[in-house]
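Structure assessment
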Amino acid sequence: MVQADRLLLVFVQATEVKVNEVEFNPKFVCRMIPKLEWSALVQAADQLGHREELPGELVADYEKNEDFLKRVHRVLLEVEVIEGCLQCPESGREFPISRGIPNMLLSEDEA
Amino acid sequence: MKLKELESCLQQVDTFEEPKILLEQYPTSPHIAACMLYTIHNTFDDIEGKLVADLGCGCGVLSIGASMLDAGLCVGFDVDEDALEIFRRNAEEFELSNVDLLQCDLCHLEAEAYAQKFDTVIMNPPFGTKHNQGMDMKFLRAALTMANTAVYSLHKTSTREHIQKKATDWGVKMEVIAELRYDLPASYRFHKKKSVDIQVDFLRFSKA
């Protein structure tokens, strides 16, 4: 799927990051993992300074690895960018994040 | 959580301060929202522990309800930053950690990028009555692309046949779960009557 490929990588910068406490639901995290581009997740976590031992590649049998699932849970659901931006590596276009809400609106000539 | 409790909680959700007519903004009533969510949860088990999207989330009534029914994560999409700000405040006040907000234009969303990523999509989309004809179908198309299991949506009863035809074309099954009556209070300055009654279908779309 060509279009999905384009969103494989994204650059993220943050001037404010918050770590929330979110109830850990291992089944939910397990089901989220196949939906993710693992390398993109790791890269984003790295850019935010919150990678914390997240492996560069998906571990095998992660369903039973609670330690691993907790690390994914933390990065996926607890680490929140409050102020910052996302950048498309192809176009360089930046999408601001403010008060935790990314703004993906394109201008008239971009759409 | 019982239906009455859910409805009671949703009554606390702050809604639009100055609804934008062209975006067809009006809040989904706590009663309708609670009934919808309760059905989605109890009859179909499409909320708890699921990844849910709320398209055209506005101030977040549906998302907040889904969150309270223990959605794994509920992501709200809306084009209007004022509405999203109210939603954000609501989420903060309710201390909800399983909601995320995103500002985007569903007409220009590359829904393919989210293809089948969400378990469930719930929405109360614009009906396309304010110089935005066809908006309901645009929302529906995006929702069907994004959902893996089911789409729950509200549409004018008068469009039921048209939507059924489209659903068949798109290879999806459509069920009318309930018929509702919207009692829209005169939320726009030009409404002459005290309230407007609209007949609305609560629809469920799933794989054929």
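Cut-off values and rules
Residues numbered from 1 in each chain as written. Chains lettered and ligands numbered in written order. Predicted model: local features only at pLDDT ≥ 70, side-chain atom pairs only at ≥ 80, totals over all residues. Heavy atoms only, no water. Helix = DSSP H or I, 4+ residues; strand = E, 2+ residues; numbered from the N terminus. Buried < 20%, exposed > 50% of the residue type's maximum accessible area, 1.4 Å probe, protein only. Contact = heavy atoms within 4.5 Å. Disulfide = S-S within 2.5 Å. Axes fitted to C-alpha atoms, helices over the stretch in contact; angles between N-to-C directions. Parallel < 35°, antiparallel > 145°, perpendicular 65-115°, else oblique. Left-handed = near helix turned anticlockwise from the far one by under 90°. Nonpolar A, V, L, I, M, F, W, Y, C, P; charged D, E, K, R; others polar. Pairing = 2+ DSSP bridges. Buried area = accessible area lost by both parts, 1.4 Å probe. Salt bridge = Lys/Arg side-chain N within 4 Å of Asp/Glu carboxyl O. Core = buried A, V, L, I, M, F, W, Y, C linked by side-chain atoms within 4.5 Å.

A few words now on the overall build of chain A. A count of helices and strands for chain A gives four helices and four strands. Ordered by position from N to C terminus, the α and β elements of chain A give α-β-α-α-α-β-β-β. For the C-alpha atoms alone, the extent of chain A along its principal axes is close to 50 × 35 × 20 Å. Taking all 111 residues of chain A together, 32% fall into the buried category. The contacts of chain A with a sequence gap of at least 6 include a subset with a gap of at least 24, amounting to 60%.

Turning our attention to the state of the cysteines. Residue and element names in this part refer to chain B. Applying the stated criterion across every chain yields a total of zero disulfides over all chains. Cysteine Cys74 remains unbridged, with the sulfur of Cys57 as its closest cysteine sulfur at 8.3 Å. The class of Cys74 is buried, set by a relative accessible area of 0%.

Here we come to the packing of helix 2 (residues 30-42) of chain B against helix 3 (residues 61-68) of chain B. Residue and element names in this part refer to chain B. Between helix 2 and helix 3, whose axes approach to 10 Å, the crossing angle comes to 45 degrees. On the basis of their axis angle, the class for helix 2 and helix 3 is oblique. By crossing handedness, the relation of helix 2 to helix 3 is classed as right-handed. Packed against helix 2, whose contacting residues are Ala33, Met36 and Leu37, the element helix 3 presents Val61, Leu62, Gly65 and Ala66 at the interface. Here the contact of helix 2 with helix 3 is built from residues that sort into six nonpolar, one polar and no charged.

All right, on to the sheet that holds strand 4 (residues 101-102) of chain A then. Strands belonging to one sheet form pairs held by backbone hydrogen bonds; the direction of such a pair is parallel or antiparallel. Residues and elements named next belong to chain A. Reading across the sheet, the four strands line up as 1-2-3-4 and stay open at both edges, with antiparallel pairing between neighbours. What marks the edges here is a single partner per strand, and that holds for strand 1 (11-19) and strand 4. In this structure, strand 2 (residues 79-87) lies alongside strand 3 (residues 94-98), joined through five bridges in antiparallel fashion. Paired with Cys85 across the two strands is Pro96, which belongs to strand 3. Here helix 4 (residues 66-78) sits on the sheet and contacts strand 1 and strand 2; the angle it forms with strand 2, its principal contact strand, is near 65 degrees.

The next subject is the interface of chain A and chain B. Taken residue by residue, the interface counts 20 residues in chain A and 22 residues in chain B. Looking at the side of chain A facing chain B, the largest losses of area belong to Lys35, Ile101 and Leu105 of chain A, adding up to 28% of the total buried there. The interface formed by chain A and chain B contains three salt bridges. Linking Glu85 of chain B and Arg99 of chain A is a salt bridge whose minimum nitrogen-to-oxygen distance equals 3.2 Å.

For the rest of this paragraph, the subject is the nonpolar core. Residues and elements named next belong to chain B. Ranked by size, the top nonpolar core spans 37 residues in total, and within it Leu10, Leu37, Ile122 and Leu154 carry the most contacts. Every element with two or more residues in this core is listed here: helix 1 (3-10), helix 2, helix 3, helix 4 (81-93), strand 3 (99-103), strand 5 (147-156), strand 6 (172-185) and strand 7 (195-207). The dominant element in this core, judged by the number of residues it contributes, is helix 2, at six residues. The contacts of Leu37, once residues within four sequence positions are left out, are Leu6, Leu10, Ile47, Val61, Leu62, Gly65, Ala66, Leu69 and Ile122. Membership of the second largest hydrophobic core comes to 34 residues, among which are Leu51, Met135, Leu140 and Phe205.

Attention now moves to the pattern of salt bridges. The final tally for this structure, using the stated rule, is 17 salt bridges over all chains. Salt bridges linked by common partners bring Arg99 of chain A together with Glu85, Arg88 and Glu92 of chain B together as one network.

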